[in-house]
Amino acid sequence: MTLVYTGICSHAPGITARADMADPALRDPFYAALERQRQEILATRPDALMIVAAEHFANFFMNSMPAYAIGMGDSYSGPIEDPDWLKIPPRIAKGDPDLGRRLVAEMLQTVDVSYCEEWQFDHGIIVPLHFLDPGNEMTIIPANINCQGPPLTPLHRAWAFGEAIRRAADSVPERIALVCTGGISHWPATPDSGKINEAWDRDFLDRWAANDRDRLLAYSDAETYRDAGQGGFEIRTFIAAAAAARGNGEVQFFAPIPIFAVGCTVGRMEII
Amino acid sequence: MSLYQLSKLLYVLNRDDEAKRQWREDPAALVDGFPLTGEERQAVLGHDIGLLYVLGVNGQILMHFAALCGIAWADYLRLMREGVQTYGPVRAGLYAMTTQFDERVAGI
């Protein structure tokens, strides 16, 4: 058993870019929950942190769009956004090509993934890292699920992707921490930015915390788009976390923060 | 209509330092490297966020183009709304507007 931690968190760029526009009474407890997540990850003494993200046309575009991608680069740069806009300084994160290659090789037994020796982190990965690895000390294995450009991978394949992560993590001697990052309902970067369907989010998080596979996979994309916006497609990352950990989830923080454009979420999952 | 090429241009501009340099020095030359319609070309060169939004440019690309043009967040949201008022509903893609013109869902 070398999957040592599984958690979820939000990654919206506003979390850092528009920090000064948020109500501190909402913002600061969210930041505190991320700090607690950092400490919990650290306590599991991981050799590498895999971050499953839903990136936003930073590396992957419609010229050649993989449903799933895993990084096996030596290092990764980011943020790809203007650092002054995102308010996160540039960093070169450490990768592990050998570990990445072994993880990919095992995952390919059941899921087809692209692999990447080049990857520039966008806010989907660098915002979580800003809080979870502020000293830029961890070894990072980035992963991506296409949640931007339809046709999108079906939810049951996101589940299979999570299962493959678990199997791959358990097949290597390294201790792997897993953080899956996405939004629940949100309409980011549209005029509707800040709209949040809190009831839908809470219902989704109930399904997630119960690790109820059938109910997690019951959404059609049309329903998600209608009720949770185009940002809601990112539930794929949280679904992958549930498949990887197999246990129950604990939502450690949830609060809609409209200026951050998402219901801000931090959670962890029991690994069984 | 060449939404893919329009989006590709903004994607490249968002991620490539050389393209950013060209954008600063000779934006028309950069834009002419992509087969755009006259309307699309004018929207980019005119920093017309509202029209780019209505044409269907994905917001994840558009918001960074807006930042590159020095447009603050509240203005970015406003310009998209004004674009819909001026040019009509979003013509393609997933990033349609679902709220009313006078709503301020972000609180700004």
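Anything mentioned here points back to the structure above.
Note that this is a predicted model, so its numbers are computed, not measured. Starting from 1, residues in each chain are numbered consecutively following that chain's sequence as written. Key to labels: chains lettered from A, ligands numbered from 1, both in the order written. The predicted nature of this model means local features are confined to residues of pLDDT at least 70 and side-chain atom pairs, given and counted, to a pLDDT of 80 or more, with totals for whole chains, interfaces and linings taken over all residues. To get the side-chain values, all heavy atoms of the structure are used, and hydrogens and water are removed first.

Caption draft 1: Summary view of the side chain of R81 of chain B. Strands are runs of DSSP state E lasting at least two residues, helices are runs of H or I lasting at least four, and both sets are numbered from the N terminus onward. Residue placement: R81 of chain B occurs in helix 7 (residues 73–87). Relative accessibility thresholds used throughout: buried, under 20% of the residue-type maximum; exposed, over 50%; partly exposed, between the two (1.4 Å probe, protein chains only). In this count, Lys and Arg are taken as positive residues and Asp and Glu as negative ones, while His and the chain termini are left out. Any carboxyl oxygen of Asp or Glu that lies within 4 Å of a side-chain nitrogen of Lys or Arg is treated as forming a salt bridge with it. Buried R81 of chain B, no salt bridge; nearest opposite-charge side chain is D192 of chain A, N-O distance 4.2 Å. Discounting chain neighbours no more than four positions away, the residues touching R81 of chain B are P191 and D192 of chain A together with M97, T99, Q100, F101, E103, R104 and V105 of chain B. Contact between two residues is taken to exist if any of their heavy atoms lie within 4.5 Å; hydrogens are not considered.

Caption draft 2: Structural view of unusual backbone geometry. Residue and element names in this part refer to chain A. With an omega of 0 degrees, the peptide bond between G78 and P79 qualifies as cis. Mapping P79 onto the fold places it in the loop between strand 4 (75–78) and helix 3 (83–86). The omega torsion across P150 and P151 is 5 degrees, close enough to zero to call that bond cis. On the secondary structure map, P151 appears in the loop between strand 7 (140–145) and helix 6 (155–171). Although it is not a glycine, K87 adopts a positive phi angle of roughly 60 degrees.

Caption draft 3: Here's a closer look at the pairing of strand 5 (residues 91–94) of chain A. Residue and element names in this part refer to chain A. Residues of strand 5 alternate between two faces, with R91 and A93 buried on one and I92 and K94 left unburied on the opposite face. The pairing of strand 4 with strand 5 spans 4 bridges and is classified as antiparallel. Note on strand 5: the bridge partner recorded for Y76 is A93. Only strands joined by at least two bridges in the DSSP assignment are considered to pair.

Caption draft 4: Structural context of the pairing of strand 3 (residues 68–71) of chain A. All names here are of chain A. Neither face of strand 3 is exposed, since Y68 and I70 on one face and A69 and G71 on the opposite face are all buried. As judged from the 3 bridges shared by strand 3 and strand 7, these two strands associate in the antiparallel manner. Bridge pairing in strand 7 links A69 to N144.

Caption draft 5: Looking closely at the packing of helix 7 (residues 198–209) of chain A against helix 10 (residues 235–245) of chain A. All names here are of chain A. In this analysis, axes come from line fits to C-alpha atoms, helices being fitted only over the stretch in contact, and the angle between any two N-to-C directions falls in the range 0 to 180 degrees. Between helix 7 and helix 10, the least distance of the axes is 10 Å, while the angle of their chain directions is 20 degrees. Classified by the angle their axes make, helix 7 and helix 10 are roughly parallel. Seen along the crossing, helix 7 lies across helix 10 with a hand that is right-handed. Contacts between helix 7 and helix 10 involve W200, F204 and W208 on the former and, on the latter, I235, F238, I239, A241 and A242. Each residue is assigned to one class: nonpolar for Ala, Val, Leu, Ile, Met, Phe, Trp, Tyr, Cys and Pro, charged for Asp, Glu, Lys and Arg, and polar for all the others, Gly among them. When its residues are assigned to classes, the contact of helix 7 with helix 10 shows 8 nonpolar, no polar and no charged. Angular relationships are summarised with four words: roughly parallel below 35 degrees, roughly antiparallel beyond 145, roughly perpendicular across 65 to 115, and oblique for the angles in between. Crossings are assigned a handedness: left-handed for a near helix turned anticlockwise from the far helix by less than a right angle, right-handed for a clockwise turn.

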